[in-house]
Amino acid sequence: MKRASPFPDVDPAGVPLLEVEGLSTRFRVPGGVVRAVEDVSFTLHAGRTLGIVGESGSGKTVLARSVMGLLPHNADRPGTIRYRGVDITGWSTRQLVGVRGPEMAMVFQDPMTSLNPYMRIGRQITESLRWHMGLTKAAAASRAVALLDEVGIPSARLRADSYPHQLSGGMRQRATIAIALACSPRLLFADEPTTALDVTVQAQILDLLAAEQREREMGMVLVSHDLGVVAGRSDDIVVMYAGRVVEHAPTRTLFAGLRMPYTQALLAAVPRLDRPSHSRAAVIPGRPPDPTAIDPACRFAPRCPYVQARCQAEEPPLVEAEPGHRYRCWYPVAGPLPRSAPAVSPARRG
Amino acid sequence: MRFVRRQLLHLVPVLFVVTFLSFLLINLLPGDPVITILGPGATQEHVTALRKELALDEPIPVRYVHWLKRIATGHLGQSYVNRQPVLEAIRQRLPTTLELMILAEAFALALAIPMGILAARRPNGIFDRVTTTTAFGLLAVPNFMLAVVLVYVFALHWHLLPAEGYTALTQNPFENLRHLVLPAVTLAAADVAVYVRLLRSEMVTTLQQDFITLARAKGLPDRRILLRHAFRPSTFSLVTVIGLNLGRLIGGAFIVEYIFALPGIGTLTVSSIFNRDYLVVQGTVVLIAVGYVLANFLVDVSYSFLDPRIKDVRALT
Amino acid sequence: MLLTLLLLVALVTAACSSGGGSTRGAGSTTPTSAGPPKSGGRLVIGVEAESDGFDLTKNRPAASGTVVFRAIYDQLYVFDKYDKPQPSLATGAEHNADFTEWTIHVRAGVTFQDGTPLDAAAVQGNIQAIKSSALTGPLLNPIVGVDVVDPLSVRVRLNSALPAFPSYMATALGTIQAPAMRKDPDSGRHPIGTGPYRLKSWTPGSSLVLARNPNYWRKGLPYFDEIEIRPIPDAHSRLSALRAGDVDMIHTSDGQSIADLRKETSLQVQEEKTGETEEGFVMLNTGKPPFDDIRLRKALALATNPQQVIDIAGAGVGTTADGPWAPGSPWYTPTGYPKMDVAQARSLVQQIKAEKGAVNIELKATADPATLQVAQLLKDQWSQVGITTSIKQVEQSQYILDALKGDYQGILWRQFGARDPDLEYPWWNSKYAAPEGALALNFARHASKQIDDAQEQGRHSDDPAVRKAAYATVGRVLAEDLPYVWLSHTVWALAAKPDIHGLGGGTEVDGSAATGPDNGSFSVAELWRG
Ligand SMILES: Nc1ncnc2c1ncn2[C@@H]1O[C@H](COP(=O)(O)OP(=O)(O)OP(=O)(O)O)[C@@H](O)[C@H]1O
Ligand SMILES: [Mg+2]
């Protein structure tokens, strides 16, 4: 028996799958407060994909986990999260238990650590099936095998009895996808699902996710540090830097005219297939700022090639360039960048 | 199987070393079983005669070799003092001590596991802090003081449980349990403290693992996550310490057996040491050494039950 | 680990102290009188120690073991209330004019628990076995031979006059064991006697069960069907067991327990009234320096405050001692033992210091806390007069050996509980004093012609007045020569639930009152519940 859902059976037309408004996430740590996510807002509709891009440490994972309520005890999370029109911001763990799984699911960054090494793969799938869908042991088991088969694991029946350490990295990530898909969620967070994997496997996994999304009409949040990965697979893109949204636009619009120097730098850092393998493209020089620091300046200023005095004195607000395209910069760049080299002489806004 | 054989081979040198050391130690201690037997009325001729009769006039290494030879044929000898065969004495007393220790560990774990898990659920939360303080409190209370308090409350005040003594399991299981409750609780107290702390800190570490967050993301309830996902991976130090703890447990059992007048290996060993009843001491030393090696063997085996990865590694070697 | 263990165990051990922590009290009883005795039922007794076995020729019973001995065996004689030996398995005895031959008649119609009849041959073999045992032989030194006179009489030949011979037979030495035991290598675990109970089962360290001997020759006795005896070494646990109702009866010589029992109203308490319980004292080795100097022994005696020892280490239970007998004993006479006098002690120490330099002595004590406390108190008291004491802890079995060998200066000791002073003969006689290194039963190595003479007089006379005078001399010489610095008389007490009767002691064969509890042991034959 399926558990009673707190959400309507049919969503009223036009209600987005997920609305996030002014979400901040802060961790209380001995040295102060880590502002991992600051004032983030976005909307995601069913069947669509939102790409979240940013360097390591920019708060992508924390953002995704904040939405699912998967935060440790030392976290504060002001802001509003509306899921299928219902405000779930203040929900207790007990209430969220019904949301996670059949409504939202997540594929984690690292398949080496996200599977329980002490439990057979099959069990890790069946336990949510049995818990959420009330399936019998046998039904859950055969459903688990079907799922493993669906995500492309060969001899799925045998693999269901394996422990995670007996599987390769790619297989493991497929298994975590199977786990995430088990209860047919409407919203899937894919948190850098390929970062830990071999380049050749990366495309397979991303394609698998895309196929599943299409088939199930899921909403998907695809997180990556690689703008290139997200580019062809998302409808909208949120670029994050130091916990803040620095640019947010429909994918097409973004690539037509990105405004944020950071996005530009990110784009320049995309590994290119036409370069010798393993050679990293231009890495953004410098380091992200200390997440506990609060000074009134553009967070990117220390690393920005176009930095001006104002950038160091005042934090720019998120402004709209055109409907749906927002950015956070005093001196935005205009138009797309030649894709072969980092920006050298950017045009200025008049 | 190969693993088992290797473990058993370990036992041999351990037994040699332990029995030789104990033989040496007790023989070098001042005092003499002959004086224990003869008492203050001893005369020189009688002492000499009895020493010869008990073969105590030979040098220590020779006696050790004799003892080894005898033990190789399965004879542990008999007590100098009451002439009881050592094996019989051990057989009579082993069940008490085993029961006492098993029960104590069962109590300790029955209390420590839920407490450790709950404490780890919210590190530094109210429950965690109360448990930590209680645990340290328990650690600080000496066995015998706890025994006195327990006896006062449960035996003298409420008349719920006997203050001392023992009834064999085969004779009356219920009475047997009643007699062992207070000693086992006394023995368990310090262990509870250690186990709670250990389990808690390992649980806290485990709960920060990715796979736990994944389990949360699957929408599993807290209870299931704690018990099914976090508990097993958090038991390694606990299992290790339970194995190592056997030594402390035996030491504790000695005191507890004495206080509660339980006829166990502890009281046997202690009185034999006092009486310089060498062969009985040797017998119990062999028993304890074998028990120790066996317990740690079981710990090793249980690792591979706890972690499937270990079994695979072991299969390879 | 061993050492820690020993220490820990010692920490909770109070029962086996060798020093004089405990003292003797006036004896208080909660009398219980209730109709005629009832038969049947089961009695559980908590005792202070496990026994090694129950063959007198192989085992040395302490108080706890003696309880079992007296249940399984009968003695030829038993002491009555007045320390007089009364016939038990014997019906009587005659002696020749100079007390060198005793003819003992044994009771007809008595059988051992294995069905063998009791006869003269059994008694003869028994006395011979006791005489040739390493444990008991030295105490029967005067015996030269035993002959069977008729089927129920034996004649014991002695090397010197021994009017007190029946007294010897009223102690454990008069125990009659079955002939079969002499052939059994494991006889200690298979005792066979003529007594009121037979050994039903024994699990050492756990429990010993006695079952009624249905053929007991004293008709109507014993009362209980079964008696279980459980060793509970820790004095506090033993008392707890009684209070919790786990056992019906206990014995104890622990000062604190007795002090507690005196306040108890829901239990009956029987303190021993005889004056022959053991004394606690500091034994001094008079055979070597520094205690070969009578002035130092005297200084020690004058500096000692036994009452403080009793109050602090013995929970205030008991009285100080001035010799081996307490005022309740028929053998007691005041000895003139010196009263505490710190000033005089100090001047004696000054004298010695002037002659020999600083006065440093060593006191040996067992490692249990009760004994150590006594040693510590004494050290403090003696330091008041300028004596520096170092306390040396020694473990029990080594302790006895040290005393036997004279390997000590001062040592805390507990002894002298015999009912007839002649039984203490070797401890005080110069024949038994040997130089250091050789085993000697005169542990203090104190040789006194006066004592030797008095002991001979006491041994060879049958005139109570003469004997009493002789042992008064012994007491007086000991108080003058001071091989022992007396501390206290040991107090033993029995405590039982209120429905147990017969604690005060049973009856003789002739119906007269038998002795009560004796040095912690007691007869179980006439205990009953009602
Ligand atoms: N539990 C926590 N306590 C304190 N700080 C945290 C915690 N979790 C994350 N952070 C901090 O929040 C910031 C954002 O981390 P997050 O893991 O979201 O980065 P990310 O964008 O996912 O990076 P990556 O690409 O490496 O996964 C980092 O500075 C990180 O150190
Ligand atoms: Mg991340």
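Scoring rules and cut-offs
Residues numbered from 1 in each chain as written. Chains lettered and ligands numbered in written order. Predicted model: local features only at pLDDT ≥ 70, side-chain atom pairs only at ≥ 80, totals over all residues. Heavy atoms only, no water. Salt bridge = Lys/Arg side-chain N within 4 Å of Asp/Glu carboxyl O. Helix = DSSP H or I, 4+ residues; strand = E, 2+ residues; numbered from the N terminus. Buried < 20%, exposed > 50% of the residue type's maximum accessible area, 1.4 Å probe, protein only. Near = heavy atom within 4 Å. Polar contact = N/O pair within 3.5 Å; in protein donor to acceptor, adjacent residues only side chain to side chain. Areas by Shrake-Rupley, 256 points an atom, 1.4 Å probe, with all protein chains shown as cover. Nonpolar A, V, L, I, M, F, W, Y, C, P; charged D, E, K, R; others polar. Contact = heavy atoms within 4.5 Å. Buried area = accessible area lost by both parts, 1.4 Å probe. Donors = N, O, S within 2.8 Å, 3.2 Å for Na, K, Ca; no water.

**Student:** Could you give an account of the pattern of salt bridges, naming the residues involved and the relevant values?
**Tutor:** All told, the structure shown has 54 salt bridges over all chains when counted by the stated rule. The salt bridge involving C:Glu278 is made with C:Arg414; its shortest N-O contact spans 3.6 Å. Within this pair, whereas C:Glu278 is found in the loop between strand E12 (268-271) and strand E13 (279-284), its partner C:Arg414 is found in strand E16 (residues 410-415), the two being separated by 136 residues in sequence. Residue classification places C:Glu278 among the partly exposed positions, given a relative accessible area of 24%. Beyond isolated ion pairs, a larger network of salt bridges with shared partners links B:Glu164, C:Arg42, C:Lys200, C:Glu226, C:Glu228 and C:Arg230.

**Student:** An account of the site of ligand 1 is needed here, citing residue identities and associated values.
**Tutor:** Residue and element names in this part refer to chain A. Lining the immediate environment of ligand 1, one finds 17 residues, of which Ser-56, Gly-57, Thr-61, Gln-109 and Glu-192 sit closest. Here Gln-109 contributes a side-chain N or O atom positioned 2.7 Å from an oxygen atom of ligand 1. For ligand 1, an oxygen atom lies 2.6 Å from a polar atom in the side chain of Glu-192. Contact with the protein chains hides 70% of the accessible area of ligand 1, taken as 630 Å² for the molecule alone. Breaking the shell around ligand 1 down by element, the ones donating at least two residues are strand E1 (18-29), strand E2 (32-44) and helix H1 (60-68). Top element by residues in the shell around ligand 1 is H1. It accounts for three residues. Of the residues belonging to the shell around ligand 1, the class tally is seven nonpolar, seven polar and three charged.

**Student:** Lay out the interface of chain A and chain B in plain terms, naming residues and giving numbers.
**Tutor:** Chain A puts 29 residues into the contact, and the matching count from chain B is 25 residues. Between chain A and chain B, a total of about 2400 Å² is buried, with carbon and sulfur atoms accounting for 59% of that surface. Of all residues in chain A, A:His73, A:Tyr118 and A:Glu127 give up the largest surface area on contact with chain B, accounting jointly for 28% of the area buried on that side. Taken together, the connections running from chain A to chain B amount to three salt bridges. For B:Asp210, the salt bridge identified is with A:Arg65, shortest N-O distance 3.5 Å. For the side of chain A that touches chain B, the elements supplying multiple residues, two or more each, are H1, strand E7 (104-107), helix H3 (111-114) and helix H4 (121-133) of chain A. Counting residues per element, the side of chain A that touches chain B draws most heavily on H4(A), which supplies six residues. Class assignment of the residues belonging to the side of chain A that touches chain B gives a composition of 13 nonpolar, 11 polar and five charged.

**Student:** Please set out the coordination of the magnesium ion (ligand 2) residue by residue, giving values where relevant.
**Tutor:** All names here are of chain A. Protein ligation of the magnesium ion (ligand 2) involves Thr-61 (OG1) and Gln-109 (OE1), the donor distances falling in the range 1.8 to 2.5 Å. Here the residue Thr-61 occupies a position in helix H1, and Gln-109 occupies one in the loop between E7 and H3, the gap between them amounting to 48 residues. Taking relative accessible area as the criterion, Gln-109 reaches 30% and is therefore assigned partly exposed.

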